[in-house]
Amino acid sequence: MDIEELQTFVEVADAGGVSSAALRLGVSKSIVSRRLFRLEAELGVQLLARTTRGAALTEAGATFRDYAARVCAEIDVARETILPAGDLRGRLRVAVPLSFGQTHFAPILAEMARRHPQLQIHTCYSDRFVDLITEGYDCAIRVGYLQDSNLIARRVGPLYGKLVASPDYIKAHGSPETPEELVAHEALMQGTEAWQLMDGDKIITVRPQGRFKADNGPALVAAAAAGLGIAYLPDCLTHDYITSGALVPVMTHYPPPPAAAYVIRPPGQHPARKIRVLTELLIEYCEPPPHLAAAPFR
């Protein structure tokens, strides 16, 4: 039984269709279909029921999927065990935030590819919430404050932020001094998120309101610089704007609590060595003194 056929079946089962699995695997749909056909022919049973919406597991397929996934995981561990120390092969699919992933994390991923020439690295840059399990990612880099989930997280570096606005906005609307005053101002947000602020050792949650929303940080920085409102952003996005005077900090007596960058992976006893290596590399690059959090990582 071919291990590629097993891996392909698991990807199709988890992705819910041939097209999505082909995208995950980086191969054509015809290759995925041929592998599935050979596996079903060898087993003598139908594993997937093809529909116009994708592919659904048959009863036999649902049972076989768990066994196939365990076999694939064991093969991956065996391959890692016999590889020369430090050598990585295979493929790493990682989801990275768009807002500053291209400037902060892309160089680190490029360095990992340079150090491990046999490793394929497939990266998705997006500020949307990526479902690692459903979409077939090995891990993700996430920044800010983590929500409760069954995923496993490892902190790799600090992240600092502040509330900012343009001088023109402050001239027109004033600068809020307290959380109560803040909710009366125009907030620039990604959605309906709450803002956390520190009052001494106590965390205060504020639910601001605003008419301008965007799904990535650079767009919010641009809106703040244009005088549309107050934004709650990491220093690495606002540093140059503050240096030039295009933005100024506000509510400095109520700073945001320190956040962090994390590597997130699906639950499992032992992370794959490629994830461990990426995590260690991120820690190497992201853990310098705090002032470096305001500029691209070295």
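Structure shown above.
So, a few notes on the structure that sits alongside this text. Small disclaimer: the values here were computed from a predicted structure and weren't measured.

Further remarks concern the packing of helix H2 (residues 18–25) against helix H3 (residues 29–43). Direction vectors running N to C along H2 and H3 enclose 110°, while the axes themselves pass 8 Å from each other. If you check the angle between H2 and H3, you find them roughly perpendicular. Facing Val18, Ser19, Ala22 and Leu25 of H2, the residues of H3 in contact are Lys29, Val32, Ser33, Arg35 and Leu36. Each residue belonging to the contact of H2 with H3 can be placed in one class, and the counts come to 5 nonpolar, 2 polar and 2 charged.

Below, the discussion takes up the nonpolar core. With 36 residues, the main nonpolar core has Phe105, Met112, Leu278 and Leu282 as its most contacted residues. The leading source of residues in this core is helix H11 (residues 273–286), at 7 residues. Those residues in contact with Met112 that sit more than four places away from it in its chain are Leu88, Leu92, Leu119, Ile121, Lys274, Val277, Leu278 and Leu281.

The next subject is the state of the cysteines. Tallied over the full model, the rule gives 0 disulfides. Considering cysteine sulfurs only, Cys139 is the nearest to Cys124, which forms no disulfide, with 12 Å between them.

Next up on the list: the pairing of strand E5 (residues 139–144). For E5, the buried fraction is high: 5 of the 6 residues fall into the buried class. In this sheet, E5 lies alongside strand E3 (residues 90–96) in parallel orientation, the contact comprising 2 bridges. By the bridge assignment for E5, Val94 is matched with Cys139. Direction of pairing for E5 relative to strand E14 (residues 259–265): antiparallel, over a ladder of 5 bridges. By the bridge assignment for E14, Val143 is matched with Ala261.

With that settled, consider the packing of aromatic side chains. The full count for this structure, using the stated rule, is 2 aromatic pairs. Between the aromatic rings of Phe9 and Phe64, the centroid separation amounts to 5.7 Å while the plane-to-plane angle is 45°, which identifies the pairing as tilted. Separated by 55 residues along the polypeptide, Phe9 in helix H1 (residues 3–15) and Phe64 in helix H4 (residues 59–82) bring together distant segments of the chain. In this structure Phe9 comes out as buried when scored by relative accessible area, which is 0%. Judged by its relative accessible area of 18%, Phe64 falls in the buried class. The interplanar angle of 40° and the centroid separation of 5.3 Å between the aromatic rings of Trp195 and Tyr232 together place this pair among those described as tilted. Placement of the pair is Trp195 in strand E9 (residues 195–199) and Tyr232 in strand E12 (residues 230–234), with a sequence separation of 37 residues. A single burial state applies to Trp195 and to Tyr232, both of which are buried. The ring of Tyr67 is capped by Arg70, whose NZ or CZ atom sits 4.8 Å from the centre of that ring.

What counts, and at which threshold
- Here the residue index of a chain counts from 1 through its sequence in written order.
- Selection of residues for local features in this predicted model requires a pLDDT of at least 70, selection of side-chain atom pairs for listing and counting requires 80 or more, and totals for whole chains, interfaces and linings are taken over all residues.
- Each side-chain value is derived from all of the structure's non-hydrogen atoms; neither hydrogens nor water enter the calculation.
- To define axes, lines are fitted to C-alpha atoms, for helices over the stretch in contact only, and angles between the resulting N-to-C directions are given on a 0 to 180 degree scale.
- Elements are defined by DSSP. Helices are runs of H or I of four residues or more, strands are runs of E of two residues or more, and each kind is numbered from the N terminus.
- Here the angle decides the label: under 35 degrees means roughly parallel, over 145 means roughly antiparallel, 65 to 115 means roughly perpendicular, and every other value means oblique.
- It only takes one pair of heavy atoms within 4.5 Å for two residues to be counted as in contact.
- The nonpolar class holds Ala, Val, Leu, Ile, Met, Phe, Trp, Tyr, Cys and Pro. Asp, Glu, Lys and Arg form the charged class, and all remaining residues, Gly among them, are polar.
- The nonpolar core is taken to be a set of buried Ala, Val, Leu, Ile, Met, Phe, Trp, Tyr and Cys residues, with the residues joined through side-chain atoms within 4.5 Å.
- Working definition: with a 1.4 Å probe on protein chains only, accessible area under 20% of the residue-type maximum means buried, over 50% means exposed, and in between means partly exposed.
- A pair of sulfur atoms, both from cysteines and within 2.5 Å, is called a disulfide here.
- By the convention used here, strands pair only if DSSP detects at least 2 bridges between them.
- Only the six-membered ring of Trp is used, alongside the rings of Phe and Tyr, when aromatic pairs are assigned; centres must lie within 6.5 Å, and planes under 30 degrees apart are stacked while those over 60 apart are edge-to-face, with the rest tilted.
- Note on geometry: a ring has a charge over it if NZ (lysine) or CZ (arginine) is within 6 Å of the ring centre and within 35 degrees of the ring normal.

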